[in-house]
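The primary structure of each chain is shown beneath.
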Amino acid sequence: MPNEQLTFASKQAEPLAGGHSLCAGCAASIIVRQVIMATEDPVVVANATGCLEVCTGIYPTTSWNVSWIHNAFANAGATLSGVESAYRALRKRGEIPEREIKFVAFGGDGGTYDIGLQSLSGAMERGHDMVYVCYDNGAYMNTGVQRSSATPLGAHTTTSPAGTLMTIGKSEIRKDMTAIAEAHGIPYIAQSSPGYYMDLMYKAKRAFQTKGAAFLNVMSPCPLGWSTEPADTLVLARLAVDTCVWPLFEIAEGEFSLTYLPLEKKPVIEWLQPQGRFRHIFKNNDEGLIDRIQADVDRDWQKLLDRAGDAIPDIAGPVRF
Amino acid sequence: MSSLAPDVPANGLPIWDELPPGGVSEDAGSTSRRTMGFWRGGGQRPLIDLNLCVQCLHCWVSCPDACFILEDGQVTCINYDHCKGCGICANECPPMVNAIVLVEERRFG
């Protein structure tokens, strides 16, 4: 028998039809389905340019069964804040019926961390009643795996290649977008992973219920850019959580809480090994780099534990059976 | 060539003034009429054994291509027109249930 969340979701209409041209095993469409099916209200979606937009909106066809708007790469936040303001104005004038409508924007890490940051920042600062979901696959996958500011340290991309002279891959650490969103003082910020659908759907539901801007940062494994098996997409999404590379937490009205505590914190090497983009680390036997990545992860995780303080959940472990 | 834009394009697609303003696509979910099943190629196809299935819906919620068709909240079949054979469903099916298996595509001819 499905649990309560899935029973609720199974009663909702399918938001994203099949037949789109996303790669086999892409997590972006899984995230979209899980997020939108967490609410029963009608949804308006804005989409930044990226894999998701390109593959679901090949003119004249569309995969979306919900209202959907795409404008440009840099302005998913601005576009959706305009839609939301128009909706409020028309409702106030009585030109459209009183009805609860949710607004959600989807952007990849390129459209969120880099190119769309200014419009997202403005939308969050103005406090529009919208949810911004970043599906973070850690590079510009749509144009052929170029590095972005979300690419983790040591990852091979076509613009941060691991070669014979520069053997390290990307030599900079990733940007902490969740912290940047938090600095805007918006009412709801969360980090989630599609591997734990209960966590993602719970956070999506809370984000939709929040009045004001909400930001969800969701890890999205990419079989193409990460050189992994398509079948392992959600296994990797869970492994990222269990190695504390991608901790799950939420900040609601300034109150921080960890929503998932791994049963045992796995070493980061288990997360690096299955991925082709870190293959050079093992080929060169670069233990210094592995130690550096592990130290970064440990430091960030300890920061979160300190911040959670006494509010660390008693029940650890996965929510799947 | 006297005219830059021919009145009737050779490919039979609508010309510019027949398109809705703003490039609006009015046919929601129209990619569902596309066939993407050929992407499985020589790969694998998931088969579901509904006698073993406990209807936990993990496959349905984890499918990137919305292939699992629900009737009254129960998984009834897989849409092979959309399935790209990624195999996520077989991984997500609980280990003690194992109702979904991946079978080599060539066995179906």
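Residues numbered from 1 in each chain as written. Chains lettered and ligands numbered in written order. Predicted model: local features only at pLDDT ≥ 70, side-chain atom pairs only at ≥ 80, totals over all residues. Heavy atoms only, no water.

1. Description of the overall build of chain B
Short version of the rule: Helix and strand assignments come from DSSP, with helices taken as H or I runs of at least 4 residues and strands as E runs of at least 2, each series counted from the N terminus. Residue burial is assigned from relative accessible area. The probe radius is 1.4 Å, only protein chains are included, and a residue is buried under 20% of its type maximum, exposed over 50%, and partly exposed in between. In what follows, residue pairs with any heavy atoms lying within 4.5 Å of each other are defined as contacts. For accessible areas, the Shrake-Rupley method is used with a probe of radius 1.4 Å. Any residue's cover is judged against the shown protein chains and nothing else.
Broken down by element type, chain B carries two helices and four strands. Put simply, chain B runs from its N terminus to its C terminus through helices and strands in the order β-α-β-β-α-β. Residues classed as buried in chain B amount to 39% of the 109 residues present. Residue pairs at least 24 apart in sequence account for 64% of intrachain contacts in chain B once pairs closer than 6 positions are excluded. Put simply, chain B shows about 6,500 Å² of open surface, and 54% of that area lies on carbon and sulfur atoms.

2. Here's the deal with the side chain of S192 of chain A
Residues and elements named next belong to chain A. For the record, the criterion: In protein, a polar contact means a hydrogen-donor-capable atom and an acceptor-capable atom, both N or O and within 3.5 Å, with residues adjacent in sequence counting only if both atoms are side-chain atoms; elsewhere, any N or O pair within 3.5 Å suffices.
Mapped onto the secondary structure, S192 falls in strand β5 (residues 188–192). Polar contacts involving the side chain of S192 include one to the side chain of D199, which spans 2.8 Å. When residues no more than four places from it in sequence are discounted, the contact partners of S192 are D199, L200, K203, N217, V218, M219, W246 and L248.

3. Examining a nonpolar patch on the surface
Residue and element names in this part refer to chain B. What counts, and what does not: Candidates for patches are residues over 30% relative accessible area with no salt bridge; among them, like charges are joined within 9 Å and nonpolar side chains (Val, Leu, Ile, Met, Phe, Trp, Tyr) within 5 Å. Any Lys or Arg side-chain nitrogen located within 4 Å of an Asp or Glu carboxyl oxygen qualifies as a salt bridge.
Together, L47, V101 and F108 line one region of the surface with nonpolar side chains, adding up to about 220 Å² of accessible area. For F108, the location among the structural elements is in the segment after β4 (100–104). Take F108: its relative accessible area is 36%, and that puts it in the partly exposed class.

4. Side note on the nonpolar core
Nonpolar side chains tend to gather and get buried jointly when the protein is soluble and globular. Using the following cut-off: Side-chain atoms within 4.5 Å are what join buried Ala, Val, Leu, Ile, Met, Phe, Trp, Tyr and Cys residues into a set we call a nonpolar core.
F106 and F215 of chain A together with F68 of chain B are the most contacted members of the largest nonpolar core, which totals 111 residues. Of the residues forming this core, the biggest block, eight residues, is contributed by helix α13 (residues 287–308) of chain A. Among residues more than four places away in sequence, those in contact with F106 of chain A are V32, V35, I36, V45, A46, N47, A48, L52, W64 and V133 of chain A. Listed in part, the five residues of the second largest apolar core include A24 and I30 of chain A together with C86 and I88 of chain B.

5. Examining the interface of chain A and chain B
Applicable threshold: Reported buried area values correspond to the accessible surface (1.4 Å probe) lost by two parts on association, with both partners' losses combined.
Listed by partner, the interface residues are 41 residues for chain A and 37 residues for chain B. Both sides of the chain A and chain B interface together cover about 3,200 Å² of buried area, and 58% of this is carbon and sulfur. Here chain A and chain B share one salt bridge between them. When the shortest N-O distance is used, the salt bridge between E92 of chain B and R238 of chain A registers 2.9 Å. Linking chain A to chain B there are 21 residue pairs in polar contact (both at pLDDT 80 or more). Elements supplying a minimum of two residues to the side of chain A that touches chain B: α1 (4–10), α2 (28–36), α8 (197–209) and α10 (233–242) of chain A.

6. Re α13 of chain A
Residues and elements named next belong to chain A. As a reminder, the rule being used: One less than the residue count of a helix, multiplied by 1.5 Å, gives the span that helix is expected to have. The directions considered for the arc run from the helix axis to the C-beta atoms.
Over its 22 residues, α13 runs 31 Å from end to end, which matches the ideal 32 Å to within 8%, given 1.5 Å per residue. When α13 is considered as a whole, its buried residues turn out to be L289, I290, I293, Q294, D296, V297, W301, L304, L305 and A308. Viewed along the axis of α13, the buried residues span an arc of 165°, placing them on a single side of the element. Facing away from the buried side of α13 by more than 90 degrees, the exposed set consists of D291, K303 and D306. Of the surrounding secondary structure, the elements contacted by the buried residues of α13 are β7 (249–252), β8 (255–258), α11 (269–272) and α12 (279–283).

Functional significance is not addressed by these values, which are geometric in nature.
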